[in-house]
Amino acid sequence: NAMAVLRMKLPKALPNGKRALAASIGGDLHDVGIRMVADLLESEGWQVDCLGANMPTGDLVEHAVDELGRPRFDLIAISASTALAVRSVASAIDALRAASPEHDLRIMVGGGPFALVPDLWQVVGADGCASCATDAVRVAARISG
């Protein structure tokens, strides 16, 4: 497919030692945007696990933190393509933070609703918001420390 061809053409930076988890929220069947974010992060040296579309919150949490609540990733990127998915994003962020109360999970959101409502990312409890896939690389670097 076109995404795979484009991925092969992206320049590859040396590994930067950072890991990211990327997914579209449960109920959101769109994954092109989050896959683009994952590909761009990889091209900047990140190791990325992209879980794709429609990722249930329980599975996202299980992947993101270990059984002791320690984060497995430096960044969690969550996408929502419709306004209907925003509540699910907020619930997922609450669940992630509850599963890892002693750690500072770094969570970035993006997608149509977040582009339309400038402070919506703060309302759902994220640490940053990417306005587009290329912006995600800059935001990821800033919020992941």
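Residues numbered from 1 in each chain as written. Predicted model: local features only at pLDDT ≥ 70, side-chain atom pairs only at ≥ 80, totals over all residues. Heavy atoms only, no water.

J.: How should the overall build of the chain be read in this particular structure?
T.: A count of helices and strands for the chain gives 7 helices and 5 strands. Helices and strands appear in the chain in the N-to-C order α-β-α-β-α-β-α-β-α-α-β-α. What you see for the chain is a C-alpha radius of gyration of 14 Å, in line with the 15 Å of a compact globule of 145 residues. Oriented by its inertia axes, the alpha-carbon framework of the chain measures out at about 40 × 30 × 25 Å. Expressed as a percentage of the 145 residues in the chain, the buried residues total 43%. (Helix = DSSP H or I, 4+ residues; strand = E, 2+ residues; numbered from the N terminus. Rg over C-alpha atoms; globule rule 2.2 N^0.38 Å. Buried < 20%, exposed > 50% of the residue type's maximum accessible area, 1.4 Å probe, protein only.)

J.: When you look at the nonpolar core in this model, what are you seeing that I'm missing?
T.: Grouped burial of nonpolar side chains is what soluble globular proteins tend to show. Counting 26 residues, the largest nonpolar core has Ile78, Val89 and Leu96 as the members making the most contacts within it. Those elements giving two or more residues to this core turn out to be β1 (19-25), α3 (57-64), β3 (75-79), α4 (86-99) and β4 (107-110). Of the residues forming this core, the biggest block, 5 residues, is contributed by α4. The contact partners of Leu96, leaving out residues within four places of it in the chain, are Leu60, Val61, Ala64, Ile76, Ile78, Leu105 and Ile107. Grouped together as the second largest cluster of nonpolar side chains are 19 residues, Val37, Trp46, Ala136 and Ile143 included. (Core = buried A, V, L, I, M, F, W, Y, C linked by side-chain atoms within 4.5 Å. Contact = heavy atoms within 4.5 Å.)

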